[in-house]
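Remarks on the overall topology
Letter by letter, the chains look like this.
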Amino acid sequence: MSAVKQARRHGRRSRLEFASMRSPVVLTLAVTAAVAIVGTARAGPFIIVNGLVTGAIWALVAAGLALVFGVMNIPNFAQGEFFLVGSLSGYLVFTNVSPRIGGGLAWAAPIITILVALLVGMLVGGLLDVVIFGQMRRRIREQWVMNTFVVTVGISVVMINGYQLIWGTDYRGIPAYFTAPPIHVLGVGIAIDRVFALAVGAVAISGLWALLRFARLGRAIRAVSQDEAGALMSGIDISRIQTLTFAISSGLAALAGATLLFNFPAFPYVGIKPLYVAWTVVILAGLGNVGGAVVAGFIIALFQTSTSYFIGSQWEDVVPFALIVVILALRPNGLFGRGVRGVWEQ
Amino acid sequence: MLEVEAVDSGYGFLQVLHGVNLRVEEGELVAILGPNGAGKSTMLKCIAGMLRPWRGEIRFRNRSLAGLKANRVSRLGMGYVSETLNLFTGMSVYENLLLGAYAITDHEIRRQSLDFVFDLFPRLAERRPQLAGTLSGGERKMLAIGRALMGRPALLLVDEPSLGLAPLLTQSVFAALKRLSQDGLTILLVEQNVPGTLEMADRAYVLEQGAVVLEGPARRLQETAHIQEVYMGLR
Ligand SMILES: Nc1ncnc2c1ncn2[C@@H]1O[C@H](COP(=O)(O)OP(=O)(O)OP(=O)(O)O)[C@@H](O)[C@H]1O
Ligand SMILES: [Mg+2]
């Protein structure tokens with residue numbers, strides 16, 4: 001009896017999924033494509049180029065958020081401050097390294113800079129996880145999502161004020177990483193810094209994807225996100241995996257901060273915009289969905305660039321937000337999301 | 001191989017186990033029987049390190065498990081198939097099995113275990129790329145047992161493999177456990193299917209309300225009046 005019933009229930013559920021869930025996804029992708037095509041036709045390819053550059057970077061910050069939510073069930077509102085860690089380390093490293101290596105090796109300075117920023121971000125993130133979330137994991141089980149949310153907001157406040165105390169409120173930025181003239185693609189000049197940012201985004205996202213898909217560590221990260229008890233039984237030290245996950249996520253945000261240093265100079269509140277854009281992206285994609293966050297990062301960026309060109313830059317964040325309200329009304333779990341679960345309910 | 005001494009345990013303020021003693025010798029197939037809510041699963045969780053004993057001691061291969069987390073216990077050679085299976089539902093059968101061998105870094109050993117599991121459960125070989133979440137109930141049981149075997153355990157804990165399975169599938173899962181036992185694997189099995197379990201077990205413990213009320217060789221327990229009345233519906 002139950003087999004038949006189950007089959008029937010299953011059939012109904014999958015039809016329902018198809019009817020109510022797929023169409024908004026298709027619609028959004030179609031609208032995005034339309035915006036890209038129309039925008040390009042009316043304003044030139046830089047809409048797509050700029051959309052890709054910012055999209056790649058938002059995707060990095062957002063992928064980190066999604067990863068931490070998916071694996072640790074922490075809604076991280078301090079992600080912007082890891083972007084700040086990246087901007088600051090980027091600034092300190094680049095302004096010290098760049099004057100020392102000139103000539104033929106000048107191209108190496110930005111690469112060294114972002115690698116150091118990535119490393120510093122991972123270290124700070126890993127340390128923070130050991131000191132704060134590691135302790136919370138051992139003690140608190142109830143209301144985990146809410147508690148960690150409050151804690152991340154606290155971390156954010158402390159980091160912003162700590163930064164202000166030590167480095168003050170000056171802008172610490174650079175005009176550009178590369179002095180070479182822009183390259184021309186389809187008749188549009190694109191600054192080398194933007195090409196660089198796009199390349200960094202692409203490499204980092206592919207790296208993250210390969211790590212999660214093929215590496216032993218990546219498989220363990222997915223295992224912890226899907227079933228913590230199952231991971232324990234298989235001999236996986238879940239606390240260590242969670243520390244590494246948080247470190248990777250913080251590293252990605254710092255990498256983004258350093259890469260965009262030419263556009264976002266280091267100052268106490270530089271992390272706020274990346275934070276809320278990344279959250280928008282993650283909510284659009286569905287919490288905890290890393291692949292979806294990458295796609296949604298590009299969608300949001302494209303909408304931002306075309307809005308700011310056609311309507312005005314003060315509207316840049318309004319249109320994407322409106323889009324999200326509409327999408328969430330149709331699909332409460334986001335474009336690619338499933339239900340949200342607490343860390344102890346898995 | 002395993003000694004449990006005077007273990008109390010439970011959840012929050014609720015005490016479930018009251019001074020449980022049991023032991024499993026190398027090569028044995030030992031069963032824990034008992035009604036719903038007796039604390040059988042709680043006992044296995046304690047042994048596997050998923051739940052901390054309040055009092056008493058658990059020793060595995062002459063080593064106290066006090067204070068060890070489940071991942072460390074697993075690496076000592078304890079395979080655990082829980083009641084809920086805890087499969088990685090969003091991953092393929094193959095990836096689930098690979099994760100079972102997470103602690104084993106030797107490629108060759110991992111490949112051998114994989115061959116062994118696929119030989120034991122040919123169904124899993126057929127379903128290799130399929131997501132664990134889309135498997136049938138019986139296939140899930142096989143995958144959970146297979147995943148535990150991938151870690152090359154010295155002792156396998158299995159919690160109610162017959163739960164929710166049709167009689168025919170129960171038989172085939174039991175046959176697999178029997179084969180493992182005959183190959184020399186030590187097994188501690190929790191079951192409610194009393195006749196079938198006593199048929200294949202060497203010894204059994206009967207747990208009622210968190211305490212051992214009866215223990216002995218399976219053959220002898222089959223003859224016991226208490227077992228025949230309460231668990232087999234005879235007499
Ligand atoms: N996670 C938990 N939190 C609180 N109480 C629990 C929990 N798990 C089990 N219990 C309680 O502990 C007691 C023993 O449960 P346990 O699962 O060990 O029984 P069992 O012998 O395995 O039963 P069954 O045959 O139904 O699986 C039950 O009263 C149950 O309600
Ligand atoms: Mg049970």
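The structure displayed is predicted, hence computed values, not measured ones. (Residues numbered from 1 in each chain as written. Chains lettered and ligands numbered in written order. Predicted model: local features only at pLDDT ≥ 70, side-chain atom pairs only at ≥ 80, totals over all residues. Heavy atoms only, no water.)

**Considerations on the overall build of chain A**
- On a plain count of helices and strands, chain A comes out with twelve helices and two strands.
- The secondary structure elements of chain A, listed N-terminal to C-terminal, are α-α-α-α-α-β-β-α-α-α-α-α-α-α.
- The buried share of chain A, taken over its 346 residues, is 51%.
- The long-range share in chain A, meaning contacts at least 24 apart out of those at least 6 apart in sequence, stands at 77%.
- Looking at chain A as shown, the accessible area adds up to about 16000 Å², and 68% of this sits on carbon and sulfur atoms. (Helix = DSSP H or I, 4+ residues; strand = E, 2+ residues; numbered from the N terminus. Buried < 20%, exposed > 50% of the residue type's maximum accessible area, 1.4 Å probe, protein only. Contact = heavy atoms within 4.5 Å. Areas by Shrake-Rupley, 256 points an atom, 1.4 Å probe, with all protein chains shown as cover.)

**Re the coordination of the magnesium ion (ligand 2)**
Residues and elements named next belong to chain B.
- Each protein donor to the magnesium ion (ligand 2) is listed here as Ser41 (OG) and Glu83 (OE); together their distances run 1.9 to 2.4 Å. Pair noted here: Ser41 is in helix H1 (residues 40-48) and Glu83 is in the loop between strand S6 (78-81) and helix H3 (93-100), with a separation of 42 residues, a long-range link.
- A residue is classified by how much of its surface remains accessible, and Glu83, at 34% relative accessible area, is partly exposed. (Donors = N, O, S within 2.8 Å, 3.2 Å for Na, K, Ca; no water.)

**Description of the site of ligand 1**
All names here are of chain B.
- Taken together, 15 residues lie around ligand 1, and Asn36, Lys40, Ser41, Thr42 and Glu83 are the ones closest in.
- A distance of 3.2 Å is found between an oxygen atom of ligand 1 and a backbone nitrogen or oxygen belonging to Ala38.
- Separating an oxygen atom of ligand 1 from a side-chain N or O atom of Glu83 is a distance of 2.5 Å.
- Coverage of ligand 1 by the protein chains reaches 63% of its 630 Å² of free accessible surface.
- Elements supplying a minimum of two residues to the shell around ligand 1: strand S2 (14-24) and H1.
- The element that contributes the greatest number of residues to the shell around ligand 1 is H1, accounting for four residues.
- Counted by class, the shell around ligand 1 contains five nonpolar, six polar and four charged residues. (Near = heavy atom within 4 Å. Polar contact = N/O pair within 3.5 Å; in protein donor to acceptor, adjacent residues only side chain to side chain. Nonpolar A, V, L, I, M, F, W, Y, C, P; charged D, E, K, R; others polar.)

**Some words on the interface of chain B and chain A**
- The partner chain A presents 19 residues to the 22 residues of chain B that form the contact.
- Of the roughly 1900 Å² buried at the junction of chain B and chain A (both faces included), carbon and sulfur atoms supply 55%.
- Taken as a group, Asn71(B), Phe88(B) and Tyr102(B) account for 32% of the area that chain B buries against chain A, more than any other trio of residues on that side.
- The interface formed by chain B and chain A holds three salt bridges in total.
- Among the ionic pairs, Glu95(B) bridges to Arg222(A), the shortest N-O distance being 2.6 Å.
- Scanning the region where chain B abuts chain A turns up eight residue pairs in polar contact (both at pLDDT 80 or more).
- Contributions of two or more residues to the side of chain B that touches chain A are made by helix H2 (70-75) and H3 of chain B.
- Here the residues of the side of chain B that touches chain A are counted per class, giving ten nonpolar, eight polar and four charged. (Buried area = accessible area lost by both parts, 1.4 Å probe. Salt bridge = Lys/Arg side-chain N within 4 Å of Asp/Glu carboxyl O.)

**Here's the deal with the sheet that holds strand S1 (residues 2-11) of chain B**
Residues and elements named next belong to chain B.
- If you walk across this open sheet you meet the four strands as S2-S1-S4-S5, and the pairing is antiparallel. Looking at strand neighbours, the two that pair on one side only are S2 and strand S5 (63-64), the edges of this open sheet.
- Of the pairings in the sheet, the one linking S1 to strand S4 (residues 55-60) comprises five bridges and is antiparallel in character. Looking across to S4, one finds that Val4 is bridged to Ile58.
- Contacts between H1 and the sheet are confined to S1, S2 and S4, with S1 contributing the most and set at about 115° to the helix. (Pairing = 2+ DSSP bridges. Axes fitted to C-alpha atoms, helices over the stretch in contact; angles between N-to-C directions.)

**Structural notes on the packing of aromatic side chains**
Residue and element names in this part refer to chain A.
- The full count for this structure, using the stated rule, is 13 aromatic pairs over all chains.
- Aromatic side chains Phe77 and Phe149 sit 5.1 Å apart centroid to centroid with 80° between the ring planes, which places their arrangement in the edge-to-face category. Of this pair, Phe77 sits in the loop between helix H2 (46-72) and helix H3 (79-97) while Phe149 sits in helix H5 (residues 144-167), and the two are 72 residues apart along the sequence.
- With relative accessibility at 28%, the residue Phe149 sits in the partly exposed group.
- Ring plane angle 90° and centroid distance 5.5 Å describe the contact between Trp209 and Phe214, whose orientation is recorded as edge-to-face.
- Look at Trp209 and you get exposed, because its relative accessible area is 52%.
- Each member of the aromatic cluster is reached from another via a ring pair, and the members are Phe94, Tyr177, Phe178 and Phe196. (Phe/Tyr/Trp six-rings, centres within 6.5 Å; stacked < 30°, edge-to-face > 60°.)

**What about the environment of Asp227(A)?**
All names here are of chain A.
- Assignment of secondary structure puts Asp227 in the loop between helix H7 (216-226) and helix H8 (228-233).
- Remark: the alpha-carbon pair of Asp227 and Phe264, spanning 37 residues in sequence, is separated by 39 Å.
- Within the structure, the side chain of Asp227 is placed 3.2 Å from the backbone nitrogen of Ala229, a separation counted as a polar contact.

**So, the sheet that holds strand S3 (residues 29-33) of chain B**
All names here are of chain B.
- Read across the sheet, six strands follow the order S6-S7-S8-S3-S9-S10 without closing on themselves; strand pairing throughout is mixed. With one partner strand each, in any of the chains shown, S6 and strand S10 (211-217) form the two edges of the open sheet. Taken pair by pair, the neighbouring strands of this sheet meet at an average axis angle of 15°, ignoring direction.
- Relative to S10, strand S9 (residues 203-208) runs antiparallel, the two being bridged by six bridges.

**A short note on the packing of H2(A) against helix H10 (residues 272-285) of chain A**
Residue and element names in this part refer to chain A.
- At a closest axis distance of 8 Å, the pairing of H2 and H10 adopts a crossing angle of 65°. The orientation of H2 with respect to H10, classified from their angle, is roughly perpendicular. Along this stretch, H2 crosses H10, giving a crossing that reads as right-handed. Residues Trp58, Val61, Ala62, Leu65 and Ala66 of H2 lie in contact with H10, whose contacting residues are Lys273, Pro274, Val277, Ala278, Trp279, Val281 and Val282.
- Residue classes in the contact of H2 with H10 are distributed as eleven nonpolar, no polar and one charged. (Parallel < 35°, antiparallel > 145°, perpendicular 65-115°, else oblique. Left-handed = near helix turned anticlockwise from the far one by under 90°.)

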